[in-house]
Amino acid sequence: MTMQKIDQFSLSIAPHHLFDKKSVLLTCGDLQAGKFNAMTIGWGAIGTMWSKPAAWVAVRPSRYTFEFMEKYQDFTLTVFPDSFSAALSLLGTKSGREGDKIKESGLTPIPSMIVGSPTYQEAELSIECHKIYWQDLQPSNFLDPTIMKSYPNPNYHRMYIGEILSILAEAQYIKQATK
């Protein structure tokens, strides 16, 4: 299938399914310089913030991708066909500090339309974002005490909000016009 550029109002997703069942690949860095890293994420959201189309992602400071999120101003979120689940599992469990895990995954990084962070030839959905906000999660603000189960060590996520600048999608992610 071929991805096509769409606007944010044409994106049709089941957000909980996307992050919880499908898996999303977060990539940050500079493709041209060959300095980027990716990690599979299961926590995130897509919506509207400050009247802008936006995506939220959470990255722990211990993750190698955190260094890239701090250094670079943009990131991509990509979704792949189910046949790439082994590659996404590898990218979510192996650190980029230990070698070229993207090459090992078999995925093909390609230039994004607008941002410096790459997208992937095998993707079925690619969302390009420019960072507009970050906030460290504070355990004193957790209103539900069960949240602490996600933090057996004090390695609390930093939340990043990115303005969505461009979306490439295959047909299954494009809202059908209704009369």
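Residues numbered from 1 in each chain as written. Predicted model: local features only at pLDDT ≥ 70, side-chain atom pairs only at ≥ 80, totals over all residues. Heavy atoms only, no water.

Trainee: Would you mind showing me how to read the nonpolar core here?
Mentor: The tendency in soluble globular proteins is for nonpolar side chains to be buried side by side. Counting 29 residues, the largest nonpolar core has L26, L77, L125 and I127 as its most contacted members. Residue assignment for this core shows that the elements contributing at least two residues are α1 (15-22), β2 (24-30), β3 (35-41), β5 (52-59), α2 (64-71), β6 (74-79), β9 (125-136) and β10 (158-169). A per-element tally of this core places β10 first, with four residues. Residue contacts for L77: discarding those within four places in its chain leaves V24, L25, L26, I41, A55, V57, L125, S126 and I127. With 14 residues, the next largest nonpolar core counts L25, A38, L91 and L107 among its residues. (Core = buried A, V, L, I, M, F, W, Y, C linked by side-chain atoms within 4.5 Å. Buried < 20%, exposed > 50% of the residue type's maximum accessible area, 1.4 Å probe, protein only. Helix = DSSP H or I, 4+ residues; strand = E, 2+ residues; numbered from the N terminus. Contact = heavy atoms within 4.5 Å.)

Trainee: What is the right way to read the packing of aromatic side chains from this model?
Mentor: To describe a pair of aromatic rings, you give the distance between the ring centres and the angle between the ring planes. Under the defined criterion, the tally for this structure stands at eight aromatic pairs. Between F142 and Y151, the aromatic rings sit 5.8 Å apart at their centres with planes inclined by 20°, giving stacked as the arrangement. Comparing F142 with Y151 shows no difference in burial state: the two are buried. Between Y151 and Y156, the aromatic rings sit 4.9 Å apart at their centres with planes inclined by 45°, giving tilted as the arrangement. With relative accessibility at 6%, the residue Y151 sits in the buried group. An aromatic cluster is defined as three or more aromatic residues linked by ring pairs; in this entry it consists of Y64, F68 and Y72. Its end group placed over the ring of W134, R158 keeps NZ or CZ at 3.7 Å from the ring centre. (Phe/Tyr/Trp six-rings, centres within 6.5 Å; stacked < 30°, edge-to-face > 60°. Lys NZ or Arg CZ within 6 Å of the ring centre and 35° of its normal.)

Trainee: Can you walk me through the pattern of salt bridges in this structure?
Mentor: Where charged atoms of side chains with opposite charge meet at close range, the side chains can pair. Considering all chains together, one arrives at eight salt bridges under this definition. Ionic pairing is found between K22 and D82, a salt bridge with its closest N-O pair at 2.8 Å. On the criterion of sequence distance, the pair formed by K22 in helix α1 and D82 in the loop between β6 and α3 (85-93) is long-range, its members being 60 residues apart. Since its relative accessible area comes to 15%, K22 is described here as buried. D82 sits in the exposed class, given a relative accessible area of 58%. Among the ionic pairs, R158 bridges to E70, the shortest N-O distance being 2.7 Å. (Salt bridge = Lys/Arg side-chain N within 4 Å of Asp/Glu carboxyl O.)

Structural measurements only, silent on function.
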